[in-house]
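Structural features, examined
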Amino acid sequence: MRDEAVSEGAAPVAVRGTVVDRLYGLTTAGAAWLVLALLAGAAVSMLWGGRQAFETFGLGFITSRDWNPVELKFGAFVPIYGTLVTSAIALVIAIPVSIGIGLFLTDIAPRWIRGPIAIAIELLAAIPSIIYGMWGLFVFAPFMGAHVEPWLNDHLGNNAIIGPLFSGPPIGIGMLTAGIVLGIMIIPFISSVARDVFNAVPPALKEAAVALGSTRWEILSRVTLPYTRSAIVGAIFLGLGRALGETMAVTFVLGNAHDLSASLLMPSNSIAAAIANEFTEADTDLYRSSLIALAFLLFVVTLIVLAIAKLMLVRMDRAFGRTH
Amino acid sequence: MTKFSIIIPLAALALAGCQSNSGNGNQAASGGITGAGSTFVYPVLSAWSADYSQSNGTKVNYQSIGSGGGIAQIKAGTVDFGASDKPLDPKELASSGLVQFPVVIGGVVPVVNIAGIDAGKLKLTGPVLADIFAGKVKKWNDPAIVSINPGVPLPGADIAVVHRSDGSGTSFNFTHYLSQVSPTWKSGPGEGTSVQWPTGVGGKGNEGVAAYVRQLPNSIGYVEYAYVVQNHMHWTSVQNASGKFVAPRAASFQAAAAGADWTHAQDFDLVMTNASGADAYPITASTFVLMHRQPRDKGRSDAAIAFFKWALEKGQPQAQKLDYVPLPSPLVQQIETYMGQNIK
């Protein structure tokens, strides 16, 4: 009896509700599709702007090491290489540090210190990248050139396998310095997500592990990390995405030279830095088109990297027998 | 409701403010002139325009978007004048209906950061400079450098080369000079607002190169003269076409400008590097103003001509205060005749 009364009374409300629901659905779908449309629009307009470069150089644009505005020969290999190498260095530094920060703040640190450290890390994320660039140039690069790079030269430079990575004059400006500055920049992004997801691990799981006699390392490697795997990978790729596209900080310390060198101590160029440096004075159509084509390639590189990440995640889930 | 009752009058006020602002803007635009281009000339142009608007009431809005951008904007006709550190050749000027003339002179100066070597102590020749920037001369105690610098304590350190990472008129004048004095440079990287540098690191803008040179021990770079003076950088003397080592300073730039053969240069298409004259500084450069031969808006074009006449005749104190070099007076007369003959 009571149920009937409710359903009768609610009928007009339900009709009005479906209209609102539909409107709500359309609005949210529109918002989602707008992003896709913007993405496609950006990609197409960059491809269109870069068509002259792609027509002139074909696939050679990607493999060529030339960047000669006088003879109008352009190739994207050096900037792509520089972008990927600096981002890789950044990840090598940022991943362990960020996960360490996350674990320390959730499991190990005394409660009173967690708040201040968490806020300090989030403040790091709020520093504009040009400040990192200036700090990199005026403080960090001289330190690298005076202390770190000579040491690397002496101790690793003669090594048969990794030696070529650490040889060359220690000028302090180059891929290694740029990678480290990038690493520092993306630590707050990865670590704040890591802290949140580590906090979300059900205490019961950890307590069970402790009850079974697990050490802290075993809890991390067998409970916390597997449980939060997809969120952590997501956080890492958020950081990577920022590293790939970072412009100002990299421009300051990378050296902006279109040289290909095996050594991490040597200057190089990145896609974003090349565009920022050269766009204002790109005085021929082909030059300008090549820079827009570079922007398109950055888009493609980012897409490929994210696709690989997604694929990796799917495989990991399959290996661990998880379906979601 | 209360919120709205506050917001609406505020919004109305803001709108009214916008309208009155844009109204002023239109007035200023109809009475003022606009220009765009070279970043090198920006400080002196803005000093000139401030003084000129006080005395004559005409405002000059100049956007320092770079020489390449300035050329593009004047060709598109969106500005009343463009400014470029690199002259256009008469053919290109004719095809786009433009005229050009120089307005100020400056110099491109090699600067070094070597412990124990003060400003002006190091001497370089053109070919040695080219070999350093080509990466062929790698150490400071290379015999090629030591032989022209007897008694200077040159270290056995690697030379760190610093060049511009962005396209620039400074790079154009520098590479133009290197191409003139070194056949291997001419056939190698060549000349241009940006070239494929064989070695070194790139800094963005004069300030970027200056910062890198200051940071890197044993480095060499090149910057505009004004930067050398303002930042007390360690400049070097450069050997000129007559074989004399000349310090970069106003007098030696003016000697280069006076020695240059302006009378035979059609449309002032002349780069002053490696100029003749005993005291001429070899990497002297000038900034050129570009205007339409047959302007769409006669009034604005005339206002621009009046401004540049004033600047060339009466703008010397402002230019000198900012470490630019005014043009020699015969050249100023030649420019005024040229403007009268060519701009309709």
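Residues numbered from 1 in each chain as written. Chains lettered and ligands numbered in written order. Predicted model: local features only at pLDDT ≥ 70, side-chain atom pairs only at ≥ 80, totals over all residues. Heavy atoms only, no water.

Time to look at the overall build of chain A. Helix and strand counts for chain A come out as twelve helices and two strands. The C-alpha atoms of chain A give a radius of gyration of 25 Å, which is well past the 20 Å a tight globule of 324 residues would have. A principal-axis box enclosing the C-alpha atoms of chain A has dimensions of 90 × 55 × 35 Å. Relative to its full complement of 324 residues, chain A shows a buried share of 42%. (Helix = DSSP H or I, 4+ residues; strand = E, 2+ residues; numbered from the N terminus. Rg over C-alpha atoms; globule rule 2.2 N^0.38 Å. Buried < 20%, exposed > 50% of the residue type's maximum accessible area, 1.4 Å probe, protein only.)

Estimated volume of the largest pocket: approximately 710 Å³. Looking at the largest pocket, it is lined by 40 residues, and the ones nearest its centre are Lys 204, Gly 205, Asn 206, Glu 207 and Tyr 227 of chain B. Secondary structure elements with two or more residues in the lining of the largest pocket: α6 (129-155) and α10 (248-254) of chain A together with α2 (42-56), α7 (169-181), β7 (201-203), α9 (205-215) and α10 (225-231) of chain B. Looking at which element gives the most residues to the lining of the largest pocket, the answer is α9 of chain B, with six residues. (1 Å grid on protein atoms, 1.4 Å probe; cavity = no way out; pocket = protein on both sides within 12 Å on 5 of 7 lines; lining within 4 Å. Points joined across faces, edges and corners; volume = space filled by probe spheres on them.)

Moving on: the confidence of the model for chain A. Overall, the predicted model of chain A reaches an average pLDDT of 86, with 94% of residues at or above 70. Segment residues 1-7 of chain A: pLDDT under 50, and zero contacts once partners within four positions in sequence are set aside and those in other chains are kept. (pLDDT = per-residue confidence, 0-100. Contact = heavy atoms within 4.5 Å.)

Looking now at the packing of helix α5 (residues 126-133) of chain B against α7 of chain B. Residue and element names in this part refer to chain B. Where α5 meets α7, the closest approach of the two axes is 9 Å, and the angle between their N-to-C directions is 115°. Crossing angle aside, the handedness with which α5 passes α7 is left-handed. In contact with Gly 126, Pro 127, Leu 129, Ala 130 and Phe 133 of α5, α7 contributes Phe 174, Tyr 177, Leu 178 and Val 181. When the residues that make up the contact of α5 with α7 are grouped by side-chain class, the tally is eight nonpolar, one polar and no charged. (Axes fitted to C-alpha atoms, helices over the stretch in contact; angles between N-to-C directions. Left-handed = near helix turned anticlockwise from the far one by under 90°. Nonpolar A, V, L, I, M, F, W, Y, C, P; charged D, E, K, R; others polar.)

Quick look at the nonpolar core now. Among the nonpolar cores identified, the biggest contains 164 residues, and Ile 132, Phe 133, Trp 140 and Ile 220 of chain B are the most heavily contacted of them. The element that contributes the greatest number of residues to this core is helix α7 (residues 175-199) of chain A, accounting for 13 residues. One finds Ala 36, Ile 74, Val 79 and Leu 98 of chain B within the second-largest nonpolar core, a separate group that totals eight residues. (Core = buried A, V, L, I, M, F, W, Y, C linked by side-chain atoms within 4.5 Å.)

What follows is about α7 of chain B. Residues and elements named next belong to chain B. End to end, α7 covers 19 Å across 13 residues, agreeing with the expected 18 Å (1.5 Å per residue, within 8%). Among all positions in α7, only Gly 169, Thr 170, Ser 171, Phe 172, Asn 173, Phe 174, Thr 175, His 176, Tyr 177, Leu 178, Ser 179 and Val 181 are buried. Where α7 begins, the capping side chain belongs to Ser 168, and its oxygen is found 2.8 Å from the backbone nitrogen of Thr 170. (Expected span 1.5 Å × (residues − 1). Polar contact = N/O pair within 3.5 Å; in protein donor to acceptor, adjacent residues only side chain to side chain.)

This brings us to the confidence of the model for chain B. All names here are of chain B. Looking at chain B as a whole, its pLDDT mean stands at 85, while 91% of the residues score no less than 70. Between residues 1-30, whose pLDDT stays under 50, and residues either more than four places distant or in other chains, the model counts three contacts. Confidence estimates for the predicted assembly give a pTM of 0.78 and an ipTM of 0.73.

What follows is about α5 of chain B. Residues and elements named next belong to chain B. The buried fraction of α5 is high, at six of eight residues. Residues of α5 that are buried include every one of Gly 126, Val 128, Leu 129, Ala 130, Ile 132 and Phe 133, and no others. Once α5 finishes, Gly 135 follows within two positions and takes phi at roughly 80°, a positive value.

A few words on the packing of aromatic side chains. Applying the stated rule across the entire model yields 29 aromatic pairs over all chains. Centroid distance Trp 67 of chain A to Phe 74 of chain A: 4.9 Å. Interplanar angle 70°. Geometry classified as edge-to-face. In this structure, Trp 67 of chain A and Phe 74 of chain A share a single accessibility class: buried. Between Tyr 225 of chain B and Phe 253 of chain B, the aromatic rings sit 5.0 Å apart at their centres with planes inclined by 90°, giving edge-to-face as the arrangement. Separated by 28 residues along the polypeptide, Tyr 225 of chain B in helix α10 and Phe 253 of chain B in helix α11 (residues 250-259) bring together distant segments of the chain. Both residues of the pair, Tyr 225 of chain B and Phe 253 of chain B, belong to the buried class. An aromatic cluster of at least three residues, connected via ring pairs, comprises Tyr 42, Tyr 52, Tyr 62, Phe 81, Phe 101, Phe 307, Phe 308 and Trp 310 of chain B. Between the NZ or CZ atom of Arg 51 of chain A and the centre of the ring of Trp 48 of chain A, over which it lies, the distance is 3.9 Å. One residue, Arg 288 of chain A, lies across the ring of Phe 279 of chain A, its end atom 5.6 Å from the ring centre. (Phe/Tyr/Trp six-rings, centres within 6.5 Å; stacked < 30°, edge-to-face > 60°. Lys NZ or Arg CZ within 6 Å of the ring centre and 35° of its normal.)

This part covers the pattern of salt bridges. Pairs may arise between side chains of opposite charge once their charged atoms sit close together. Residue and element names in this part refer to chain A. Taken as a whole and assessed by the stated rule, the structure comprises ten salt bridges over all chains. A salt bridge links Glu 122 to Arg 195, with the nearest nitrogen and oxygen atoms 3.2 Å apart. Of this pair, Glu 122 sits in helix α5 (residues 111-126) while Arg 195 sits in helix α7, and the two are 73 residues apart along the sequence. Here the salt bridges do not stand alone but share partners, grouping Glu 122, Arg 195 and Asp 196 into one network. (Salt bridge = Lys/Arg side-chain N within 4 Å of Asp/Glu carboxyl O.)

Here the focus is the interface of chain B and chain A. Taken together, the contacts link 31 residues of chain B with 29 residues of chain A. Where chain B abuts chain A, roughly 2100 Å² becomes buried across the two surfaces, and 48% of that area is made up of carbon and sulfur atoms. When residues of chain B are sorted by the area they lose upon contact with chain A, Gln 196, Tyr 212 and Gln 215 of chain B head the list and together hold 27% of the total. Summed over the shared surface of chain B and chain A, the result is zero salt bridges. In this structure, the connection of chain B to chain A is made through eight residue pairs in polar contact (both at pLDDT 80 or more). If you list the elements that add at least two residues to the side of chain B that touches chain A, you get α3 (67-76), β6 (160-164), β7 and α9 of chain B. (Buried area = accessible area lost by both parts, 1.4 Å probe.)

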